[in-house]
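This is what each chain is made of:
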Amino acid sequence: MSTTFHTTMKSPIGPLLLAGDENGLRLVHFASGRRPKSPQRDWVEDKAPFNEVIRQLQAYFEGKRKEFDLPFVLDGTEFQMLVWRNLQKIPYGETVSYGQLAKRIGKPEASRAVGLANGSNPIPIIIPCHRVIGSNGDLTGFGGGIPLKKKLLALESNQLSLL
């Protein structure tokens, strides 16, 4: 059994809980939002395994990084994994609707299931679930809250500097 490490990163959108093991990043979680999360008792606090994650996230918040190049590990159902892989294909600064994403994965009637999988993304920002919006253009559901989703999209459209 591998050791899970964690640290908390200060960011312009609030503290981010980072967790992972020797295989890669497993979790980015907002300290505030709908479902706040704390480190589990058996996790070991250590910032060192996350130096590169923190560096890349800081560059993203500065508007200097549009893609992430980090090892990460995803645990989910086959459907969730399909959705999460396709989230990674949404270009920086662009959005798609849940329905469009459902069509992209070959399941056009599954927009609600896509929404649920999107909401279960364990590595937001790096896997850009914030780029998925309602079919009418409304900002819907985001683990960090709608105001934070709005900030991330504004950053990506060069309308806001977070640092």
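Scroll up to find the structure this text is about.
Residues numbered from 1 in each chain as written. Predicted model: local features only at pLDDT ≥ 70, side-chain atom pairs only at ≥ 80, totals over all residues. Heavy atoms only, no water.

### Focus on the side chain of Lys149
Here Lys149 is to be found in helix H5 (residues 146-156). At 2.5 Å, the side chain of Lys149 and the backbone oxygen of Val132 are in polar contact. Those residues in contact with Lys149 that sit more than four places away from it in its chain are Tyr98, Cys129, His130, Val132, Ile133, Leu139, Thr140, Gly141 and Phe142. (Helix = DSSP H or I, 4+ residues; strand = E, 2+ residues; numbered from the N terminus. Polar contact = N/O pair within 3.5 Å; in protein donor to acceptor, adjacent residues only side chain to side chain. Contact = heavy atoms within 4.5 Å.)

### Let's talk about the pairing of strand E2 (residues 16-21)
Among the 6 residues that make up E2, 6 are buried, leaving the element largely enclosed by the rest of the structure. The alternating pattern of E2 places Leu16, Leu18 and Gly20 and Leu17, Ala19 and Asp21 on opposite faces, both of which are buried. Here strand E1 (residues 5-9) pairs with E2 via 5 bridges, running antiparallel. If you follow His6 over to E2, its bridge partner there is Ala19. The turn joining E1 and E2, which pair antiparallel and follow one another in sequence, is formed by 6 residues; a positive phi near 105° is taken by Gly14. As paired elements, E2 and strand E3 (residues 24-30) share 6 bridges and run antiparallel to each other. Among the inter-strand pairings, Leu16 is bridged to a residue of E3, identified as Phe30. Counting the residues that bridge the hairpin from E2 to E3 gives 2 residues. (Buried < 20%, exposed > 50% of the residue type's maximum accessible area, 1.4 Å probe, protein only. Pairing = 2+ DSSP bridges.)

### Quick word on the sheet that holds E3
Sheet architecture is open: 4 strands sit in the order E3-E2-E1-E4, paired in mixed fashion. The outermost strands of the open sheet, each flanked by one partner alone, are E3 and strand E4 (44-45).

### Observations regarding the pattern of salt bridges
Applying the stated criterion across every chain, the model contains 5 salt bridges. Between Asp21 and Arg26 there is a salt bridge, with its nearest N and O atoms 2.7 Å apart. Judged by relative accessible area, which is 11%, Asp21 ranks as buried. Residues Arg55 and Glu52 are paired through a salt bridge, measuring 2.5 Å at the closest nitrogen-oxygen approach. Taken as a pair, Arg55 and Glu52 lie in helix H1 (residues 51-61) at a separation of 3 residues, close to a single helical turn. Since its relative accessible area comes to 42%, Arg55 is described here as partly exposed. On the basis of relative accessibility, which here comes to 33%, the residue Glu52 falls in the partly exposed class. Overlapping salt bridges bring together Asp21, Arg26 and Asp75 as one network. (Salt bridge = Lys/Arg side-chain N within 4 Å of Asp/Glu carboxyl O.)

### Some thoughts on the packing of helix H2 (residues 78-87) against helix H4 (residues 111-119)
Viewed as axis vectors pointing N to C, H2 and H4 meet at an angle of 80°, and their least axial separation amounts to 9 Å. Taken together, the axes of H2 and H4 are roughly perpendicular relative to one another. Taking contact as the criterion, the partners of Phe79, Gln80, Val83, Trp84 and Leu87 in H2 are, on H4, Ala113, Val114, Ala117 and Asn118. (Axes fitted to C-alpha atoms, helices over the stretch in contact; angles between N-to-C directions. Parallel < 35°, antiparallel > 145°, perpendicular 65-115°, else oblique.)

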